[in-house]
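Notes for the structure review
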Amino acid sequence: MALYNSNRGGIIQIIIGFVFVIIIGQLISLQIFSNKYKLAADNNAIFRKIIYPDRGIIYDRRKHALLENTISYDLVVIPNEAKGVDTAALCNILNINSEEYNKRMIDVIIKNSRVKTGIFEPFLSPELYAQLNENLYRFPGFSLTERSIRSYPYNTAEHVLGYVAEVDVNFLNKHDEEGYEMGDYAGMTGLEKQYENVLMGQRGVKRFLRDNKGKIQGSFEKGQFDTLAVAGRNLYTSVDVEVQQLAEKLLQHKIGSAVVINSKTGGVIAMASSPGYNPNLLTGNQRRKTIGILLTDTARPIYNRAIKGQYPPGSTFKPMGAIIALDEGLIEPSYGYNCRGAYFACGDPRKCTHNNAGHAANLQIALANSCNSYFLQVFRMAVDNPKYHNAKKGYLKWKEYMNSFGFGRKLGIDLPSENKANIPDTAAYNKDFGNAKYWNSCYMLTLGIGQDRMTATPLQLANTMALIANEGFYYTPHFVDSIEDEELDDKEILSKFRKKQEVTKISGDIFKVIKEGMHDVTVYGTAAGIKVPGHEYCAKTGTAQNPHGKNHSIFVCFAPKDNPRVAVAVVVENAGYGATWAGPISSLLMEKYLNDTLTVESKRKSDELATVDLMPQSIKDWYIKNNKTDFLAPIEYNNDELSDIWDMEMVSENNPMTKKLVDTIQKTTDTNSKKTNPLPIPIKSKLNRDTGALLNNKKKKIPINKNVNRI
Amino acid sequence: MSTVSNQNSFSKGTDLAVIILYFAMVTIGIMCIFMVEFNPTNSLSSSLVAGKNSYSKQIYFALFCGIVGVFILLMDSKFFTALANISYVVGILLMIATFFLGKNVNGSKSWIPIAGGFNLQPAELCKIFTALFLAKYISKPETDFTKLKSHLLAAGMIALPALLSIMQHEMGLALVYSAFLFAMYREGLPPIILIVALSFAILVIATLLLDPIILAIILTTIAAIFISSMLKKFKKNKNAILVVLSIWAISFGTIRYAVPYIFNNVFECYQSTRIYSMIGKEYDCSQNNKSVSVSGKKNGKKPDDYNVKQSKIAIGSGGFLGRGFLKGTQTRGKYVPEQNTDFIFTSLGEAFGFVGTATFMGLYLFFLFRIIRIAERQRSTFSRVYAYSVVGIFFFHIAVNISMTIGLFPVVGIPLPLISYGGSSLLTFTVLIFILLRLDADRQMVLR
C-alpha cells in the first residue's frame, strides 16, 4: 500500500512548495517593492522635534537693538493623544466654548495630521501660561512650547524692518527645497524678508524614538541623525534710531515719507513712511486682529511709501535738469532766461511763481527762485539738442541721463519690492504723438519741471541729493552695513553697497555750480525761511501737481554745504508748498543727525509739526464712514486763536457722513482743554482756497486720536 | 531485522540534519524574542538570571525541552505505539477537564494551571496524541484505508479534539487539525475529497469577494457551458446531467445560505470581522448570532486590522537587508501587538529584511522536505503516518502564521513552530520532532 501511494509524497511536497512560493512572493512585494512601509514605520516611531533657533537681531548704527526676541509660549496638542481631556476646564481657562475646541482640534488635524504636534492656542499671556502649566496634567496630549517672537523696543522703523509671519501654502510652494514646514515663521516684508537667510539661522531637528503609546523612549540612534540649531546672525544697520523716531514723529497725521541717507556711505539713516503702525501689534496674538485692520485701511499703513510711493518730483528735479544741460554744453552757468511770469514758447503759457525781472538771470538765481520758465527752456534745449538731430534721440539721451541719476530704475536698496517709479519711455509718447516724426520737445515740456509722466520715489530723490553732495557719485542706498560673522555669500551681497556708483563723466565743476544754486535756495530762495542751526545746507523745494488732489509738498536737501554728510528727501502728500511742510521736516532731520540733538526752538517746532494734521479729506471721510473715528488725530485748539489754516482740514457740515462727527465734537466741547497750536508757518491765503465750509466759531475739540498713524 | 545497538544508543540512527535545524530554529526563536523584549535600560545579565523576561523564560523552556528530547530519544519506540491509544483518551479527557479547571487566558478557557505558575494547554498536547492515535489506527493490519468507513472513522478521531477546541474558542488550534489531511491523503484518501474541499474554499472566498448576483450568473454560465459542451455524453448517461445540476444547486445553496450561516452562526463576530477585513470589507456584527453579548463593548478598541497593518509595516519596513539587529523601530516601539507569540515573524522581518525572511523560509522548507524524506524511508506505516502528521502540523502552523502576519490569511492565534514564545507550544513541537527522530532511528523496525 505504501508503494502504491508513494507518488503522493511528491504531491505533498509540491503543495508545500507552492504555498511557500506564494508567501515568498508576498514578502518580495512587501519588503522589496513597496517603500511605503518604511515611511509608515518612521511616521509611527520617529518623533521629530524641531528646535527653532533665535532669529538674528537688527541693530542701528549705535548698536541699539531695533528689534529683539522675546519668549512666548504656545499651547500645542497632538490630537491622537488628546484623549480624556478635561475639556470643560480647558475651555474655561482659554475662555472658549466646546464648539470652538472641536473646531480648533479639527484645524490642527487638517494642518498637521493626528500624530504631529499642532498649535492649539498661540502666544499665551503670562497669566494664561501659568494657569495652563498648573493644570496641564488634566489635559493629556497638550503641552506648552516656547517660541521666540519679535519685539520692538523702540516701536519704530516698521516699514524697514518688516514683519515675520507664519508661512502659508504659497510660501511653502515657492521655497520648496528650503526646509520650511507648516507652522514655521519667516520674514514676509522689509529687512526680515530681504535677509531671511541670514536672520533665520538653521533649525535643528532632534529625533526621538516613540512607542505605541506615544511615549518618548529616548533619542533615535543615539542622536546621530540629529542636527543642532544654529542661531540667526545679527544685522548691523546704518539706521539712527533717534533720527528715525523723529522722522516718524514729524510725519504723524500726514501722509508721506522721509528718507535720510548718509551721503558718504549710502547707508540709510532713517526711512519713514506715514501712516505707519505699531510693529509690536503684529507679533503675538494681536497679529490676527491687527493685520486685518491694517490691510483694509485706506491710508495703507503697511505700504512703504519711501520705496514704493511714486511722486512727480516737481521742482526738486530742476537741479538734475540743469546738470544735463551743463554737461551737454547747452548752457553756461551764466545762462539767463527772461521770464515774465510764464513760459510762452510752446503755445499755452506755463505759469511761473515769479514775474519780477531778473529772477532767472543766471542758473544760480533761477535755481534759488525755482523759475519754471528757465527750466522748461533748459529741458527743451536738451531734447532739441542739435547734436542728436531729432527730438526723439534727444529725449533718449536725456532719459539716459535720468537713468544714470537713479530715476526710473531700481536703485537696488536691500528691501524687497522697491519701485522703480517712472521716467517715461519713448513708447509712451509715440503712442500719444503718432510717431517719431512728430516728436517735439513741447509735447513733454513739463518733464522739465518734474511733472508730466515723470515720477520718483522718495528714496530716489534722496539719492540724487547724495549724488550732488558727492559731486558725481553715490553709493547704492542700503541699510545693512555689516552682518555678524560675515560669510562669503554675505560679502557678495554687501559688496555692491560698498562700490562707488559713478554717474557718467560729469565734471565736479558742474556740481559745484548746482550746489551754489541750491545753497542760494536756502539763503534767499524758496527755502530761505528754513535754517539748520550751525550748518549751511543746500536744498530744493518742490510743489508737485498731481491728479489725486492738492499738491504734494516735497523737499530735497543735503548738508553741510561743504563736505556734506547727509542727504534728505521728504514728501508730504497733498499738503501744499514744499517749503511749508516738507522743508521744516527735512531741516529738523538734518539738524538731528548733524548735531545729534535739537535746539530748544527746533524741539518746539518739531512738537508742533508732529501735531499738524494734513490728512487728505478723502481719507478722513473714509475713517468716518467706516466708523473708525479714533484713527483721526485729536487736534485740540482754542477757537480764539483759530487759524484759517486748520480750517482746511475741517469737515463740511453739508456732508451727511460727517454730521455724526460734528455731533460728537459738540458733545465733548466741555472737556476741551486750552491747548493751542500755533502754526509753524502761516500760509493762510494759499490754503483757504481749499477749505470747505467752516465750522461755527465755538470752542471745539475734534476727536482725533494723538496716535493717528500708529494704530 | 532490527539491531539491538540502535535501541541502546540514542545518537546512532537519529537524523542529524533535523537535530541541527531544531536547534537553529530554537536559537532564532530566542533571538527574536530577545529583539522584542530588549530594553536598553535593563542590564542583560540580571534579567537573564531573574528569568522575568520572556526571552530568559524561553531559554529555560528550551533547556527543559532539550532534556525532554534526550529523554524521548532514550525511550523505546514501542512505547509510543503502545501508548498511542491511551494517550489520546487522556488528551481528550484533559481537554474536557479544561471546561471545569480551565483558566481564562485572553478570553479562551483552554489552559490548565499547573505547579510553579506554569499553565498547560491540553489542546496543544492533544495534537501529538492525535498524531499517534491516527498512526496507530491506520497502521493496524485490519484497517483498510481505501474504504470510506475508515476515512470517516479517522476523520472522527481528528474532529473530536477539533470540536473541543472550537468549544474552547480556540479557532486557530481547531483549524490545525485539518493538517492531518496530509497524512490521510498520503495513506489513500481519495484526492476528490481534497478537490471538493478546495472547491468549497474557493466558493466561500468568491462569495465574500463578489456580488451574489454576479456569482450566481457565473455559476449558471459554467453549468450551462458544461452541459452544452458535453451534450452527447449526457445523452448516453442521463445521471450525469443530474450530477451537474445538483453540483450547481449545492454551489448556489452555499452562496445563498451556507456562507452567511457560517459567518453569522459558526464564527464569532471578531472572526467574521477579521475575515472580512482581509478582503477589505466591513462585517456587520449585528447580524452575528454567536456573540451578541460581546458586541456591546467594542468602543475604544483599536481597529480590527490594526495588528495586520502594523505587522505589515514592520515586515515591509525591513526592506531588502533589514534595519539591523535591535534597530527595528516597530519592534522597539511595541507597535505590533502579540509580537513575541503570534507575530514573532515581524521582528525577524524588520531586523533582517527580505534576506532574513527568505533564508528563514528556506530553512523551514528544508526542514519540511527533510521530514517528508524521513517519512518515505520508514518501513512501518505507523512511523510514516506519524511523520506525515508532523509535516502537516508544522506546515499548517508555518503557513497560516506567516500568511497572517503578511496579510494573506485572517488573524487566527496560532504560534510559529519553535520560534514563538511559549512553553506549551515549544514543548509540543519538541515532543513531535523527537518522537519522530526516535521512530526514525528505528526505521528498520516494523512498528504496529
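Values in this document were obtained by computation on a predicted structure and should not be read as measured data.

A tally of helices and strands in chain A yields 26 helices and 22 strands. Put simply, chain A has 711 residues, and 43% of those count as buried. Considering only contacts within chain A whose residues lie at least 6 apart along the sequence, 75% involve residues at least 24 apart.

The subject of this paragraph is the overall build of chain B. Helix and strand content of chain B: 19 helices and three strands. For chain B, with 448 residues in total, the buried portion stands at 44%.

Turning our eyes to something else, we now look at the interface of chain B and chain A. In this complex, chain B contributes 40 residues to the contact, which on the side of chain A involves 32 residues. Contributing elements (two or more residues each) for the side of chain B that touches chain A: helix H9 (180–186), helix H15 (306–317), helix H16 (329–332), helix H17 (344–376) and helix H18 (381–405) of chain B. Per-element accounting of the side of chain B that touches chain A gives the leading share, twelve residues, to H17(B). Across the side of chain B that touches chain A, the residue classes tally to 20 nonpolar, 13 polar and seven charged.

A few words now on the nonpolar core. Grouped together as the largest cluster of nonpolar side chains are 144 residues, with contacts concentrated most on A:Val260, A:Phe558, A:Val568 and A:Leu589. A:Leu589 has contacts with A:Val243, A:Leu246, A:Ala247, A:Ala258, A:Val260, A:Ala270 and A:Val568, leaving out every residue within four places of it along the chain. By size, the runner-up hydrophobic cluster in this structure holds 113 residues, among which are B:Val18, B:Met25, B:Leu134 and B:Tyr335.

Attention shifts here to the confidence of the model for chain B. In low-pLDDT regions, the fine details of the predicted coordinates are not to be read closely. Residue and element names in this part refer to chain B. A residue-level look at chain B finds 88% of positions with pLDDT of 70 or above and a mean pLDDT of 82. Confidence, expressed as mean pLDDT per element, reaches its minimum in chain B at helix H1 (residues 4–8) with 44 and its maximum at H17 with 94. Confidence over residues 1–8 falls short of pLDDT 50; this stretch has eleven contacts with residues more than four positions distant or in other chains. Confidence drops under a pLDDT of 50 for residues 292–302, and excluding neighbours within four residues, the segment shows three contacts in the predicted structure. Both scores are given for the predicted complex: the pTM is 0.61, the ipTM 0.88.

The subject of this paragraph is the sheet that holds strand S8 (residues 204–210) of chain A. Residue and element names in this part refer to chain A. The strand order S1-S8-S9 describes an open sheet built from three strands, whose pairing is antiparallel. Two strands bound the open sheet, and with one partner strand each, they are strand S1 (46–51) and strand S9 (216–219). For this sheet, the mean angle separating the axes of adjacent strands, direction not counted, is 35 degrees. Bridge count for S8 against S9 is three bridges, and the pairing is antiparallel. The residue of S9 that forms the bridge with Leu209 is Gly218.

Take the environment of A:Leu251 next. All names here are of chain A. Structurally, Leu251 can be placed in the loop between helix H10 (241–250) and strand S11 (256–262). On the neighbour-count criterion, Leu251 (28 C-beta atoms within 10 Å) is buried. For the pair Leu251 and Gly276, spaced 25 residues apart in the sequence, the C-alpha separation amounts to 9.5 Å.

Residues and elements named next belong to chain A. With respect to topology, five strands assemble into an open sheet ordered S12-S11-S20-S19-S18, the strand pairing being antiparallel. The open sheet has two free edges, formed respectively by strand S12 (268–274) and strand S18 (538–546), since each of these has just one partner strand. Across this sheet, the average inter-strand angle for adjacent strands is 10 degrees, counted without regard to direction. Across the sheet, helix H18 (residues 458–469) is in contact with S11, strand S19 (549–559) and strand S20 (566–572); its angle to S20 comes to roughly 150 degrees.

Our next topic: the pairing of S11(A). Residues and elements named next belong to chain A. Along S11, seven of the seven residues are buried, which leaves the element largely enclosed by surrounding structure. By the alternation rule, side chains of S11 split into Gly256, Ala258, Val260 and Asn262 and Ser257, Val259 and Ile261, which are all buried. Count of turn residues in the S11/S12 antiparallel hairpin: five residues, of which Gly266 carries a positive phi of about 85 degrees. Two strands pair when backbone bridges link them, and S11 and S20 are joined in this way by seven bridges, in the antiparallel orientation. Each bridged residue has a counterpart across the sheet, and for Gly256 the counterpart in S20 is Val572.

Residues and elements named next belong to chain B. As a packed pair, helix H5 (residues 77–101) and helix H6 (residues 122–139) sit with axes 8 Å apart at the nearest point and diverge in direction by 145 degrees. Helix-helix and strand crossings are classified by hand; for H5 and H6 the assignment is left-handed. The segment H5 lies against H6, with Phe80, Thr81, Ala84, Asn85, Ser87, Tyr88, Gly91, Leu94, Met95 and Thr98 engaging Pro122, Ala123, Leu125, Cys126, Phe129, Thr130, Leu132, Phe133, Ala135 and Lys136. Residues of the contact of H5 with H6, tallied by class, amount to 13 nonpolar, six polar and one charged.

Take the packing of helix H2 (residues 16–37) of chain B against helix H4 (residues 54–74) of chain B next. Residue and element names in this part refer to chain B. At a closest axis distance of 8 Å, the pairing of H2 and H4 adopts a crossing angle of 160 degrees. As the angle between them shows, H2 and H4 are arranged roughly antiparallel. Considering the relative orientation of H2 and H4, their crossing is right-handed. For the pair H2 and H4, the contacting residues are Val26, Gly29, Ile30, Ile33, Phe34 and Glu37 in the first and Ser54, Tyr55, Gln58, Ile59 and Ala62 in the second.

The next point concerns H5(B). Its maximal kink placed at B:Ala84, H5(B) deviates by approximately 50 degrees. Where H5(B) is concerned, the buried positions are B:Ser77, B:Phe80, B:Thr81, B:Ala84, B:Ser87, B:Tyr88, B:Gly91, B:Met95 and B:Thr98.

Take the confidence of the model for chain A next. The predicted model of chain A averages 80 in pLDDT, with 87% of residues at 70 or higher. Scored below 50 in pLDDT, residues 633–711 of chain A shows 125 contacts in the model against residues more than four places distant or in partner chains.

Thresholds, definitions, all that
- Residues numbered from 1 in each chain as written.
- Chains lettered and ligands numbered in written order.
- Predicted model: local features only at pLDDT ≥ 70, side-chain atom pairs only at ≥ 80, totals over all residues.
- Helix = DSSP H or I, 4+ residues; strand = E, 2+ residues; numbered from the N terminus.
- Buried ≥ 20, exposed ≤ 12 C-beta atoms within 10 Å, placed from the backbone.
- Contact = placed C-beta atoms within 7 Å.
- Nonpolar A, V, L, I, M, F, W, Y, C, P; charged D, E, K, R; others polar.
- Core = buried A, V, L, I, M, F, W, Y, C linked by C-beta atoms within 7 Å.
- pLDDT = per-residue confidence, 0-100.
- Pairing = 2+ DSSP bridges.
- Axes fitted to C-alpha atoms, helices over the stretch in contact; angles between N-to-C directions.
- Left-handed = near helix turned anticlockwise from the far one by under 90°.
- Parallel < 35°, antiparallel > 145°, perpendicular 65-115°, else oblique.
- Bend = angle between axes of the 7 residues up to and from the residue.

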